[in-house]
Amino acid sequence: QVQLVESGGGLVQAGGSLRLSCAASGRTFSTYAMGWFRQAPGKEREFVAAISWSGGNTYYADSVKGRFTISRDNAKNTVYLQMNSLKPEDTAVYYCAAGPLWGPGEYEYDFWGQGTQVTVSS
């Protein structure tokens, strides 16, 4: 069992940056791939980024490629999402997830956090 708690969301102007953190409980964090997803009002949840258990492989949605960076610190049981050059369309609730596979599908993740709100003003 893994419990995930996101933090770091907030209100930022377009062009600004935020860094989201996701702290995980449990000793098995380093064995899980981690992903970030987001859900905007009235829209389905969508994939943002994923990272393998070792951190050696990453994968991004086209909409965030070149602007967002996913990373992890297994010693701290934490995964990060650095978000730069934010746009109003990045406004959403951001969720982190843990699972055996690092991919874009929600089905690949077994555990989910409660989400953190990111609002980008124009």
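The coordinates are above.
Cut-off values and rules
- Residues numbered from 1 in each chain as written.
- Predicted model: local features only at pLDDT ≥ 70, side-chain atom pairs only at ≥ 80, totals over all residues.
- Heavy atoms only, no water.
- Helix = DSSP H or I, 4+ residues; strand = E, 2+ residues; numbered from the N terminus.
- Buried < 20%, exposed > 50% of the residue type's maximum accessible area, 1.4 Å probe, protein only.
- Core = buried A, V, L, I, M, F, W, Y, C linked by side-chain atoms within 4.5 Å.
- Contact = heavy atoms within 4.5 Å.
- Salt bridge = Lys/Arg side-chain N within 4 Å of Asp/Glu carboxyl O.

To continue, consider unusual backbone geometry. The backbone of N77 shows a phi angle near 55°, a positive value even though the residue is not glycine. Here N77 shows up in the loop between strand 7 (68–73) and strand 8 (78–83). Look at S85: it is not a glycine, yet its phi comes out positive at around 50°. By the secondary structure assignment, S85 is in the loop between strand 8 and strand 9 (92–99). With a relative accessible area of 42%, S85 lands in the partly exposed category.

What tends to happen in soluble globular proteins is that the nonpolar side chains get buried as a cluster. Core analysis: the largest hydrophobic core is formed by 35 residues, its most contacted members being L4, M34, W36, L81, M83 and Y94. Broken down by secondary-structure element, the contributors of at least two residues to this core are strand 3 (18–24), strand 4 (33–39), strand 5 (46–51), strand 7, strand 8, strand 9 and strand 11 (116–121). Leaving out residues up to four positions away in the same chain, Y94 has contacts with E6, L20, W36, F37, R38, V48, F68, L81, M83, G115, T116 and V118.

Under the counting rule described, the total for this entry stands at five salt bridges. The shortest N-O distance in the salt bridge between E106 and R45 comes to 3.1 Å. Linking E106 in the loop between strand 9 and strand 10 (111–112) with R45 in the loop between strand 4 and strand 5, this pair joins segments that are 61 residues apart in sequence. Residue R67 is joined to D90 by a salt bridge in which the shortest nitrogen-to-oxygen separation is 2.8 Å. One end of the pair, R67, is in the loop between strand 6 (58–60) and strand 7; the other, D90, is in the loop between strand 8 and strand 9, and 23 residues separate them in sequence. Per residue, the accessibility class of R67 equals that of D90, and both read buried. Three or more residues are tied together by salt bridges with common partners; here these are R38, E46, R67 and D90.

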